[in-house]
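# Structural description and commentary
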Amino acid sequence: MTLVSDETMVISKEILDKALWRYNNSRLHVLTSESGLHSDIYLNTDIIVSDPETLDKIIKDYFLPELSKRNIKPDWVVSYPPFGLAIAYSLAKACKARFGYVDLKEKICNFEIRDTEKVIVVADDIYSGDSIRKTIEILAKKGVKVIPPILTLGSFSGIWKIIEREVVYAITNKGNLFPEKECPMCKAGSRAVLPRPNWDELIRNESLDNSD
Ligand SMILES: [Zn+2]
């Protein structure tokens, strides 16, 4: 079973080992803050974006070719805070576009984007796809149409399209999301935690068997 296909090898194994957690009969598992669902896989994109050189390399080796393959020269690269911002900024810089973001809570975008301009949306990762859906809708309210593809560092949902737009990702593996009541990991005695505040403990991946 391969985790990463050949074309995504721009991300080194060393970084993936540090940034990607998978459930393995683990004492802890992930409560995704976006959807509230429990997940058996998690990509901590902080580990990737905290290394600007790695991020630039992913942009250059993976995202730019995806755009040029489709003949897309965006005027704007838009994301939502906090985790997508570094990726959007880095991509905007690389393709000489402008950089903006939406406020998901207030459902607004304060950037002066004209309805004639080409806008693409990027995100750090996709679990439920809700935040990206909301971002597209906030922009649509301004009369701004987001053009495909949606670019993301990681996707674990098996979602290939969001509101008719193709999703392109740098890292993927099929994960599983469960509502708390149906979560087999909870049933096995594993505890669901928010991944980023508990990252050190989570990535240690202590097994349920070793706990008393
Ligand atoms: Zn659970």
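Computed from a predicted structure; not experimentally measured. (Residues numbered from 1 in each chain as written. Predicted model: local features only at pLDDT ≥ 70, side-chain atom pairs only at ≥ 80, totals over all residues.)

## Re the confidence of the model for the chain
Any residue range with low pLDDT should be treated as having predicted coordinates unsuitable for detailed reading. Averaged over the chain, the pLDDT score is 89; the fraction of residues at 70 or greater is 93%. Long-range and interchain partners of residues 1–9, a stretch whose pLDDT sits below 50, account for 6 contacts in this model, where long-range means more than four residues apart. (pLDDT = per-residue confidence, 0-100. Contact = placed C-beta atoms within 7 Å.)

## Some words on helix α4 (residues 85–94)
Turning to α4, its buried residues number three or more, namely I87, A88, Y89, S90, L91 and A92. Residues of α4 that are buried in the fold lie against α2 (45–49), α3 (52–69), β5 (76–79), β6 (98–101), β7 (119–126) and β8 (150–155). (Buried ≥ 20, exposed ≤ 12 C-beta atoms within 10 Å, placed from the backbone. Helix = DSSP H or I, 4+ residues; strand = E, 2+ residues; numbered from the N terminus.)

## Some thoughts on the packing of α3 against α4
Look at α3 against α4: their axes get within 10 Å of each other, and the N-to-C directions meet at 60°. You can see that α3 and α4 cross each other, and the crossing is right-handed. Between α3 and α4, the contacting residues are L55, D56, I59, K60, F63 and L64 on the first element and A86, I87, S90, L91 and A94 on the second. Its residues assigned to classes, the contact of α3 with α4 shows 8 nonpolar, 1 polar and 2 charged. (Axes fitted to C-alpha atoms, helices over the stretch in contact; angles between N-to-C directions. Left-handed = near helix turned anticlockwise from the far one by under 90°. Nonpolar A, V, L, I, M, F, W, Y, C, P; charged D, E, K, R; others polar.)

## Some words on the sheet that holds strand β10 (residues 165–172)
The 6 strands are arranged β6-β5-β7-β8-β10-β9 in an open sheet whose pairing can be described as mixed. Each edge of the open sheet carries a strand with a single partner, namely β6 and β9 (161–162). Across 4 bridges, β7 lies against β8 in parallel orientation. Note that in β8 the partner of D125 across the bridge is G154. Packing against the sheet, α4 makes contact with β5, β6, β7 and β8, and its axis sits at approximately 175° to β5. Taken strand by strand, helix α5 (residues 130–141) contacts β5, β7, β8 and β9, and its axis lies near 160° from that of β7. (Pairing = 2+ DSSP bridges.)

## Quick look at the sheet that holds strand β12 (residues 191–193)
The 4 strands are arranged β11-β3-β2-β12 in an open sheet whose pairing can be described as mixed. This sheet does not close on itself; its edge strands, each paired only once, are β11 (177–178) and β12.

## Considerations on the pairing of β5
Residue alternation in β5 divides its side chains into two sets, W76 and V78 and V77 and S79, and both sets are buried. Summarising the sheet, β5 and β6 pair through 4 bridges and their orientation is parallel. Note that in β6 the partner of S79 across the bridge is Y101. Pairing of β5 with β7, which is carried by 3 bridges, proceeds in the parallel orientation. In the sheet register, W76 faces β7, and the bridge partner there is V119.

## A look at the pairing of strand β2 (residues 28–31)
Two strands pair when backbone bridges link them, and β2 and β12 are joined in this way by 3 bridges, in the parallel orientation. When the bridges of β12 are listed, V30 appears paired with V193. Here 2 bridges tie β2 to strand β3 (residues 38–39), and the two strands are oriented antiparallel to one another. For V30, the partnering residue across the bridge sits in β3 and is S39. Counting the residues that bridge the hairpin from β2 to β3 gives 6 residues, and of these G36 lies at a positive phi of roughly 80°.

## What about the nonpolar core?
Counting 53 residues, the largest nonpolar core has V77, V78, A88, V121, V122 and L139 as its most contacted members. Considering each element in turn, this core owes the most residues, 6 residues, to β7. Of the residues that make up this core, three or more belong to each of domain 1 (26–41 + 179–212) and domain 2 (45–175). What V121 contacts, discounting residues up to four positions off in sequence, is V78, S79, I132, T135, I136, V146 and I150. (Core = buried A, V, L, I, M, F, W, Y, C linked by C-beta atoms within 7 Å. Domains from an automatic or database assignment.)

## Digging into the environment of K187
Within the fold, K187 resides in helix α6 (residues 184–187). By C-beta crowding, K187 is classed as exposed, having 10 other C-beta atoms within 10 Å. Residues K187 and I47, spaced 140 residues apart in sequence, show a C-alpha to C-alpha distance of 30 Å.

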